[in-house]
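The primary structure of each chain is shown beneath.
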Number of protein chains: 2
Amino acid sequence: MTLRKVPVRVDLVIFAIRDGELQVLLWQRREAPLKGAWTLPGGFVEQGEPADEAARRILKEKTGFEEQAYVEQLFTFCDPKMDPRGDLVSIAYYAVVSASGESWDGTFHAARKAPKLVFHHGQVLDRGIDRLRTKTEYSTVPLRFLDDEFTLSEVQGVYEVLLDRQLDKRNFRRKILALEAVEETDDERRVGAHRPARLYRLSASRPYLLKEKGILFPF
Amino acid sequence: MTLRKVPVRVDLVIFAIRDGELQVLLWQRREAPLKGAWTLPGGFVEQGEPADEAARRILKEKTGFEEQAYVEQLFTFCDPKMDPRGDLVSIAYYAVVSASGESWDGTFHAARKAPKLVFHHGQVLDRGIDRLRTKTEYSTVPLRFLDDEFTLSEVQGVYEVLLDRQLDKRNFRRKILALEAVEETDDERRVGAHRPARLYRLSASRPYLLKEKGILFPF
DNA sequence: CCAAAAGTGTTGGCGTTACACCCATGG
DNA sequence: CCATGGGTGTAACGCCAACACTTTTGG
């Protein structure tokens, strides 16, 4: 039995909320083989590089985001029949970024209506969507879709997109504040002819899991 | 930039409930280097073998269990500095087996009081315990600690061990039955001078996630 | 002064928890 | 007949969901 040695890839599901819907960054191959096919952004892990760092490196290459993005390992695909180009291991990650960036390497698509993806990438996307939905219920990951400072209405908007339903404003605000996941700033935002909105940021204590304090949803 | 090619390992956290506590199967090295050090059971993924199959193969080698065991991927560790013997990728799995097997390759230890493990294996164990606790709250994974047929008291016992607290018998039975995760058989079990206990099995429909039907815990 | 978004409390219903006794059996 | 684990119903409480109006601002 000879030892099997394979290259290691990381593949990324990069989520953002744009145009009021959950979107993912995809990439279209410009060369054969599979010219024109849609793929997830990804790349090979380099010599001496941990996979987590590779994921962040590739995220930065594709979107410009660094620390402010949330990155989490999703699942590892390791099946010799998976990729026709050869045997490899694919460690999938998902990332949550705020939509305020500009220079994307790729194009965003509605996550639930994405084109067919090559190889196992469709499975990766499905798992990413599923994990994100799960985390929406008991973690503060959804807050990473927002910029450093945000209004509670914006937070509610993120949750409404992720949960795909309307939420009650009073109940939502009471609950998100009770969880102590966000804290007031001294700033407010004024846009248009409205009452200004108080701005919030992630709590310094920043509880990642909401479970201990009760689950955020169902509402 | 030369492509980095590495061997792929799978490492397993094998859980069983024995002596009224959660235990894991560990293995003690008999040769240098690190003679006497404790490790998780594991092995290399072979040529042409998917990682999931490798995990089941190694589980069978170490415990004799096959289909009846629950196996789930946990996390992948990929860091060149992780293992002093060389660069590799370690895909960690956890497995849940009933304690009724016999020929273990290794020894069982209380999961929360395990000896110090080599390399990243301590992290793997911690993640395994954590994942198992999480799944206890909203999945039927804990039922895999039991044999094919089991009494509701046995089910309650498993949950009490995993949650580390006593549960109310009437509330527990009402809830586990409402979830339709188990179904009655025609058999009963008689042991000692007691009323016989009805035996149950996993439902044919076998809902894996309990969420849709409401969360099982908190009680 | 008007339009538009921000912000704020209370109540009823339902689900969860707490709780105690009878049943069936083997020895 | 007794010891042991199996099996069963109800009532109080607390949390969740539903619901409407006032405030602040820019134009």
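Before reading further, recall that the structure is shown in the block above.
Residues numbered from 1 in each chain as written. Chains lettered and ligands numbered in written order. Predicted model: local features only at pLDDT ≥ 70, side-chain atom pairs only at ≥ 80, totals over all residues. Heavy atoms only, no water.

### As for the environment of B:V124
Logical step 1: Counting through the fold element by element, B:V124 comes out in helix α2 (residues 121–138).
Logical step 2: Setting aside residues up to four positions removed in sequence, B:V124 forms contacts with B:V13, B:L40, B:L74, B:F77 and B:A92. (Helix = DSSP H or I, 4+ residues; strand = E, 2+ residues; numbered from the N terminus. Contact = heavy atoms within 4.5 Å.)

### Some remarks on the side chain of B:R9
Logical step 1: By the secondary structure assignment, B:R9 is in strand β1 (residues 5–18).
Logical step 2: On the basis of relative accessibility, which here comes to 12%, the residue B:R9 falls in the buried class. (Buried < 20%, exposed > 50% of the residue type's maximum accessible area, 1.4 Å probe, protein only.)

### Considerations on the packing of aromatic side chains
All names here are of chain A.
Logical step 1: Summed over the entire model, instances satisfying the criterion amount to twelve aromatic pairs over all chains.
Logical step 2: Taking 5.2 Å as the distance between ring centres and 65° as the angle between the ring planes, the aromatic pair formed by F75 and F77 counts as edge-to-face.
Logical step 3: Its relative accessible area of 14% is what places F75 among the buried residues.
Logical step 4: Residue classification places F77 among the buried residues on the basis of a relative accessible area of 7%.
Logical step 5: Look at W104 and F108: their rings are 4.7 Å apart centre to centre, the planes differ by 85°, and that puts the pair in the edge-to-face class.
Logical step 6: Exposure remark for W104: the relative accessible area of 19% places this residue in the buried category.
Logical step 7: With a relative accessible area of 14%, F108 lands in the buried category.
Logical step 8: Here the aromatic cluster, defined as three or more aromatic residues joined through ring pairs, consists of F15, Y70 and Y94.
Logical step 9: The aromatic ring of W27 is capped on one face by K62, whose charged end is 5.4 Å from the ring centroid. (Phe/Tyr/Trp six-rings, centres within 6.5 Å; stacked < 30°, edge-to-face > 60°. Lys NZ or Arg CZ within 6 Å of the ring centre and 35° of its normal.)

### With respect to the pattern of salt bridges
Residue and element names in this part refer to chain A.
Logical step 1: Inspection of every chain in the model, using the stated rule, returns 32 salt bridges over all chains.
Logical step 2: Of the charged contacts, one joins E72 and K135 as a salt bridge, the two residues approaching to 3.2 Å between their closest N and O atoms. Taken together, the positions of E72 in strand β5 (residues 70–78) and K135 in helix α2 (residues 121–138) put the pair 63 residues apart, joining distant regions of the chain.
Logical step 3: For E72, a relative accessible area of 12% puts it in the buried group.
Logical step 4: Assessed through its relative accessible area of 9%, K135 is described here as buried.
Logical step 5: Between E184 and R198 there is a salt bridge; the shortest N-O distance is 4.0 Å. With E184 in strand β8 (residues 182–189) and R198 in strand β9 (residues 197–202), this residue pair connects regions lying 14 residues apart in the sequence.
Logical step 6: The class for E184 is partly exposed, based on a relative accessible area of 49%.
Logical step 7: In this structure, a network of salt bridges that share partners links the residues E46, E49, R57 and E61. (Salt bridge = Lys/Arg side-chain N within 4 Å of Asp/Glu carboxyl O.)

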